Amino acid sequence: MSYQVLVVLDPQFSRVSVQDSYGCIDWVTHDYPALLADELLRSPTLCGFIFRGESGHLIAQRQGFVPVRLHEKVRVFNTADGSGLIPVTIKLLFWLRIQHKGMDVEFMKFEEFRDVLISPNPDFRQRFQRYHSIWGGIDLMVDPRQVTGDWFLKQTVDSQEKLQMLESTVPVWPPSREMLHASRKFNVITDLDQIASRTINSPRPLTTILSRADVSQSFEGCILKREGSDCARHVLLPGGVDPSNLPSDLGHFRWLKQSYVPSLQKLGEWRMILVDCQPLWVVHTAPGNGEGEWVFLHRDAGLSLAEMNLRMREPYVFDDIMDPVGGTLSERRLADQELESFVTTSLSQLICIEEELLVASSSLRLMVRVDVGVMHGPDGQLGYFINEVERGMGIGLFSTGNPRWTLRLADEFGCMFSRWMSDTCLGMGRLVEPVV
């Protein structure tokens, strides 16, 4: 049976020109048969989400195929330089792969989707009844004004109530209530603090809601970061906080005060992609030498916490940890198992807490990216801690230069997503076969 999925493209991720994609860590190049490539380029729905690119960015090209450039968050670009290259987003690559594997995927721009939701037609849900699921839409983890401005906000807010009505009859992934809850990061941080202290026995940075009444508070060794934001936006590092001019909250999104973890800047993070709560791959990211520069490497073999602790006692650079030299196969396996066990145990606990609160299945069961750092606890021991939990359509995959990682994720996720659609439809009392 072919499942029917509507993928709603987020306008926050559209671009104006192909040049915007080059030099970005979240774009890859992939090739498609020439006829399919031409069809994608001519699609009005994908305008602003797919472009021809520059041939110089390819190492090799298969005969009869057209290379395309893809971004991670379903954003593609539109230009025509005659080169035959098509940049598209990695998420678009993701769904085109799932479509190729037998799922019927249809794309819709968010503006059209939103207009149907906010229309006065009381039967708007009938418009979407033929789909097994709706995927995507606006990324509710971030405030829409972050990239779209105030003009976009009111219509987005108006559509959210209708979206929740739609979710009562058609499975929507990720669930809007979960995303809105998680967008207030202090909620998730509090849960992670509880898991670390009660279950994992691991260190955590101290996080509080920023107080503007305490004029005597110190910001030494602290950062400020705001809810409803991502990609290092709305973050003030130590030395960048003016106590006499503290930033204001934005609506219900609060500013948080958190103890600074130096290793995040010097050593970086391990970003683990999980499907069905099982690790699929790990990318180690770290700041580069230039301003705003990041380097990353798919983890092939890691160090244990004990090994890292020893190396960090001497002068080191991130390469010493990111790409370790030596060690037996057994030692490297134990190190990987140590990291994976920490993440999967913490994730299972977080899922239980959120599902009990929201009385609904968590999207984290299907797919999630967990960002992990290391820090010394009060006892001086080095431990892992979760710095971020990325969910929904905004997950960055860090597969630049090698789209095979995205294709593998699509194959894994497609199987789980089919099962989720079937179970959710049956739970709603819907026929698994779509209503035409």
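Criteria and cut-off values
- Numbering of residues starts from 1 in every chain and runs along the sequence as written.
- The model is predicted, so local features are restricted to residues of pLDDT at least 70 and side-chain atom pairs to those at 80 or more, both for listing and for counting; the totals for chains, interfaces and linings are taken over all residues.
- Hydrogens and water molecules were not included; the side-chain quantities draw on all heavy atoms of the structure.
- Structural elements are reduced to axes, namely lines fitted to C-alpha atoms, with helices fitted over the stretch in contact, and the angle between N-to-C directions of any two is expressed from 0 to 180 degrees.
- Under the scheme used here, helices are H or I runs from DSSP no shorter than 4 residues and strands are E runs no shorter than 2 residues, and both carry numbers assigned from the N terminus.
- Throughout this description, any angle smaller than 35 degrees is read as roughly parallel, any larger than 145 degrees as roughly antiparallel, any in the 65 to 115 degree range as roughly perpendicular, and the remainder as oblique.
- Two helices that cross are described as forming a left-handed crossing if the nearer one is turned anticlockwise from the farther one by less than a right angle, and a right-handed crossing if clockwise.
- Note on definitions: a residue-residue contact is assigned when non-hydrogen atoms from the two residues lie within 4.5 Å.
- Gly is put with the polar residues, along with every residue not named as nonpolar or charged; the nonpolar set is Ala, Val, Leu, Ile, Met, Phe, Trp, Tyr, Cys and Pro, and the charged set is Asp, Glu, Lys and Arg.
- Take a side-chain nitrogen of Lys or Arg and a carboxyl oxygen of Asp or Glu: if they are within 4 Å of each other, that pair is a salt bridge.
- A 1.4 Å probe rolled over the protein chains alone gives each residue an accessible area, and that area as a share of the maximum for its type sets the label: buried under 20%, exposed over 50%, partly exposed in between.
- At least two DSSP bridges between two strands are required for those strands to pair.
- Pairing of aromatic rings covers Phe, Tyr and Trp, the last through its six-membered ring, and needs centres within 6.5 Å; plane angles under 30 degrees mean stacked, over 60 mean edge-to-face, and all others mean tilted.

*Asks:* For this particular structure, what's the right way to read the packing of helix H6 (residues 185-200) against helix H10 (residues 329-358)?
*Replies:* What describes two packed helices is the angle between their axes and the distance between those same axes. Remark: H6 packs on H10, axes separated minimally by 10 Å, with the N-to-C direction vectors making an angle of 120 degrees. One finds that H6 runs oblique with respect to H10. Along this stretch, H6 crosses H10, giving a crossing that reads as right-handed. Taken together, the residues of H10 that come into contact with H6 (itself represented by Val188, Asp191, Leu192, Gln194, Ile195, Thr199 and Ile200) are Phe342, Thr345, Ser346, Gln349, Leu350, Ile353 and Glu354. Of the residues in the contact of H6 with H10, the class split is seven nonpolar, five polar and two charged.

*Asks:* Mind showing me how you'd approach the pattern of salt bridges here?
*Replies:* When the charged atoms of two side chains with opposite charge come close together, those side chains can pair. The final tally for this structure, using the stated rule, is 17 salt bridges. The salt bridge partner of glutamate 178 is arginine 391, with a shortest N-O separation of 2.8 Å. With glutamate 178 in helix H5 (residues 176-183) and arginine 391 in the loop between strand S16 (382-390) and helix H11 (404-427), this residue pair connects regions lying 213 residues apart in the sequence. Note on accessibility: glutamate 178 and arginine 391 belong to one class, buried.

*Asks:* Would you take a moment to explain the sheet that holds strand S10 (residues 235-236) for this structure?
*Replies:* Two orientations exist for strands paired in a sheet by backbone hydrogen bonds: parallel and antiparallel. If you trace the four strands from one edge of the open sheet to the other, you get S8-S11-S9-S10, paired in antiparallel fashion. Unpaired on one side and paired on the other, strand S8 (207-209) and S10 mark the two borders of the sheet.

*Asks:* So what exactly am I meant to see when it comes to the packing of H5 against H10 here?
*Replies:* H10 packs onto H5 with a crossing angle of 115 degrees between their chain directions and a minimal axis gap of 11 Å. Pair H5 / H10 crosses with right-handed handedness. Between H5 and H10, the contacting residues are Arg177, Glu178 and His181 on the first element and Glu354, Leu357 and Leu358 on the second. Residues that form the contact of H5 with H10 fall into these classes: two nonpolar, one polar and three charged.

*Asks:* Explain the sheet that holds strand S1 (residues 4-9) to me, please; I cannot follow it from the model alone.
*Replies:* Strand order in the open sheet made by the four strands is S5-S1-S6-S7, with parallel pairing throughout. The open sheet has two edge strands, strand S5 (104-109) and strand S7 (172-173), and neither has a second partner. For S1 and strand S6 (residues 133-136), the ladder comprises four bridges, and the chain directions are parallel. Counted as the bridge partner of valine 7 is tryptophan 135 from S6. Packed on one face of the sheet, helix H3 (residues 110-118) meets S1, S5 and S6 and runs near 80 degrees to S5. Packed onto the sheet, H11 meets S1, S6 and S7 and runs at close to 135 degrees relative to S6.

*Asks:* Help me understand the packing of aromatic side chains in this model?
*Replies:* One pair of aromatic rings is described through two measures. These are the centre distance and the angle between the planes. Inspection of the entire model under this criterion finds 15 aromatic pairs. Ring geometry for tryptophan 173 and phenylalanine 417: centres 6.3 Å apart, planes at 80 degrees, overall edge-to-face. Pair noted here: tryptophan 173 is in strand S7 and phenylalanine 417 is in helix H11, with a separation of 244 residues, a long-range link. Judged on exposure class, the residue tryptophan 173 and its partner phenylalanine 417 are both buried. Between phenylalanine 417 and tryptophan 420, the ring centres sit 5.4 Å apart and the planes meet at 15 degrees, which makes this aromatic pair stacked. With phenylalanine 417 and tryptophan 420 both in helix H11 and three residues apart, this pair spans about one turn of that helix. Considered together, phenylalanine 417 and tryptophan 420 belong to a single accessibility category, that of buried residues.

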